[in-house]
Amino acid sequence: MTTLAKAQELAPIVERVHGPNHPEMARVRELTDAISSDSAGSDRDFAELRELTNNYTPPADTCETVAALYRSLEEVDRSR
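These remarks concern the structure in this document. These numbers were taken from a predicted model, which means no experiment stands behind them. (Residues numbered from 1 in each chain as written. Predicted model: local features only at pLDDT ≥ 70, side-chain atom pairs only at ≥ 80, totals over all residues. Heavy atoms only, no water.)

A short note on the environment of Arg50
Tracing the backbone shows Arg50 in helix α3 (residues 43–52). Distance in space between the C-alpha atoms of Arg50 and Val28 is 9.8 Å, their sequence separation being 22 residues. Beyond its immediate stretch of four places on either side in the chain, Arg50 contacts Asn55, Tyr56, Asp77 and Arg80. (Helix = DSSP H or I, 4+ residues; strand = E, 2+ residues; numbered from the N terminus. Contact = heavy atoms within 4.5 Å.)

Below is the structure:
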């Protein structure tokens, strides 16, 4: 499984579990979907992701799945 595929798999789970306390997770999922449909991703999408995720730093009150999602997105971002 590619890093991007892993992020796409994790994003809806993270949104469902943490979305009530972290509404930004819905936008993270939307951006992940957008990037997945255009595997290069746009600079604007990644800039927004970095802003929404505090440079891919998971909130303290979230689980390892959020950390795994953010690591995957950061890896995709850095490898472009």
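Comments concerning the nonpolar core
One finds Phe46, Leu49, Tyr56, Leu69, Tyr70 and Leu73 to be the most contacted residues of the largest nonpolar core, which totals 18 residues. Elements that contribute at least two residues to this core include exactly α1 (3–18), α2 (24–37), α3 and α4 (64–79). A per-element tally of this core places α4 first, with six residues. (Core = buried A, V, L, I, M, F, W, Y, C linked by side-chain atoms within 4.5 Å. Buried < 20%, exposed > 50% of the residue type's maximum accessible area, 1.4 Å probe, protein only.)

Thoughts on the packing of α2 against α4
Where α2 contacts α4, the two axes come as close as 12 Å, and the packing angle between them is 40°. As summarised for this structure, α2 and α4 are arranged oblique, according to the angle between their axes. Crossing hand, α2 versus α4: left-handed. In contact with Met25, Val28 and Thr32 of α2, α4 contributes Val66, Leu69, Tyr70 and Leu73. Of the residues assigned to the contact of α2 with α4, the class counts are six nonpolar, one polar and no charged. (Axes fitted to C-alpha atoms, helices over the stretch in contact; angles between N-to-C directions. Parallel < 35°, antiparallel > 145°, perpendicular 65-115°, else oblique. Left-handed = near helix turned anticlockwise from the far one by under 90°. Nonpolar A, V, L, I, M, F, W, Y, C, P; charged D, E, K, R; others polar.)

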